[in-house]
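Coordinate inspection notes
Residues per chain, in single letters:
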Amino acid sequence: MRVLSVVTHSAEETRIVGASLAPTLLPGDVVSLSGDLGAGKTVFVQGLCVALGVEDRVLSPTFTIVHEYDGRFPILHLDIYRLDSFQEVLDLGYEEFLDPSSVVLVEWGEAIGPLLPRRFLEVELRQPGIEEPEDHRALTFRPHGAEWIAKVQAMRDTAETLLAAAAEETTTETRFFVTDEPQPPASRGRIAETGTD
Ligand code: ADP
Ligand code: MG
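1. Some details on the overall build of the protein chain
Secondary structure assignment for the protein chain yields 6 helices and 8 strands. Taking all contacts inside the protein chain whose residues are at least 6 apart in sequence as the whole, residues at least 24 apart take part in 65%.

In structure tokens:
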């Protein structure tokens, strides 16, 4: 599996990366976001939803479990952090959410791993280590299914252009790193130094 990593330096950059995924999404697509509280899952979803034409405010659905937005397609935004059993998810009608007419974005998707479809995109966000700037986040994309490999590649091309346009300094250096490993390389927050393309 090809794993793509990028380190963002601000919430705005994470929104830009989220927005870059938007043009690749189609109804039926499922994106699972993992990472600790405050890692930036909701920030990523905000950037993605704005780029899908959502005008409502996008907030973490921690207390309501699911938010529904109207964008280019119907979007379901779930946060299952507070659910502690598969049954609770099923009671919510989670199976219905995997219907082909919506884009489904799931925070803490790993908590219901076995309920996720076979093909989906896994996005992991990690907070910086103690010696790193506090606004840095390591984003790792793990595509499950061939079409997701293509979508992640397209996202990368868009994000590279948009991040460069938003950057204060001009640089031709790539921000993205590809590995073939099933796990993100090396220690927490140091992905960019160890990955190869
Ligand atoms: P989660 O949904 O993972 O619990 P949120 O997206 O709600 O996290 O919150 C992330 C917080 O971290 C926000 O307050 C955001 O401004 C801040 N932040 C700082 N740097 C970044 C970054 N590079 N990417 C995303 N969020 C960041
Ligand atoms: Mg959240």
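2. Considerations on the sheet that holds strand β3 (residues 66-70)
Strand order in this open sheet of 8 strands is β3-β4-β5-β2-β6-β7-β1-β8, and the pairing throughout is mixed. A strand with exactly one partner marks an edge of an open sheet, and here the two such strands are β3 and β8 (176-179). This sheet shows a mean twist of 20° between the axes of neighbouring strands, independent of strand direction. With 7 bridges connecting them, strand β6 (residues 120-126) and strand β7 (residues 137-144) associate as antiparallel partners. Directly across from L125, in β7, lies its bridge partner L139. Strands β1 (3-8), β2 (30-34), β6 and β7 of the sheet are contacted by helix α1 (residues 11-21), whose axis makes an angle of about 145° with β1.

3. Observations regarding the confidence of the model for the protein chain
Looking at the protein chain, the pLDDT average stands at 85 and 85% of residues meet or exceed 70. Between residues 185-197, whose pLDDT stays under 50, and residues either more than four places distant or in other chains, the model counts 26 contacts.

4. What to know about the site of ligand 1
By nearness alone, 15 residues border ligand 1, and T14, G38, K41, T42 and D135 come closest of all. Here a nitrogen atom of ligand 1 and a backbone polar atom of S10 are 3.0 Å apart. One of the side-chain N or O atoms of K41 is found 2.8 Å from an oxygen atom in ligand 1. Burial of ligand 1 by the protein chains amounts to 75% of its free accessible area of 580 Å². Among the elements that line the shell around ligand 1, the one with the most residues is helix α2 (residues 41-51), at 3 residues.

5. Thoughts on α1
Counting buried residues along α1, 8 of its 11 residues qualify, which places the element largely inside the surrounding structure. Taken together, the buried positions of α1 are occupied by E13, T14, I16, V17, G18, A19, S20 and L21. Its buried side turned inward, α1 meets β1, β2, α2, β6, β7 and α5 (146-166).

6. So, the packing of α1 against α5
At their nearest, the axes of α1 and α5 sit 8 Å apart, and the two run at 145° to each other. By crossing handedness, the relation of α1 to α5 is classed as right-handed. Residues E13, I16, V17, S20 and L21 of α1 form the contact with α5, whose participating residues are M155, T158, A159, L162, L163 and A166. Class assignment for the residues of the contact of α1 with α5 results in 8 nonpolar, 2 polar and 1 charged.

Scoring rules and cut-offs
- Residues numbered from 1 in each chain as written.
- Chains lettered and ligands numbered in written order.
- Predicted model: local features only at pLDDT ≥ 70, side-chain atom pairs only at ≥ 80, totals over all residues.
- Heavy atoms only, no water.
- Helix = DSSP H or I, 4+ residues; strand = E, 2+ residues; numbered from the N terminus.
- Contact = heavy atoms within 4.5 Å.
- Pairing = 2+ DSSP bridges.
- Axes fitted to C-alpha atoms, helices over the stretch in contact; angles between N-to-C directions.
- pLDDT = per-residue confidence, 0-100.
- Near = heavy atom within 4 Å.
- Polar contact = N/O pair within 3.5 Å; in protein donor to acceptor, adjacent residues only side chain to side chain.
- Areas by Shrake-Rupley, 256 points an atom, 1.4 Å probe, with all protein chains shown as cover.
- Buried < 20%, exposed > 50% of the residue type's maximum accessible area, 1.4 Å probe, protein only.
- Left-handed = near helix turned anticlockwise from the far one by under 90°.
- Nonpolar A, V, L, I, M, F, W, Y, C, P; charged D, E, K, R; others polar.

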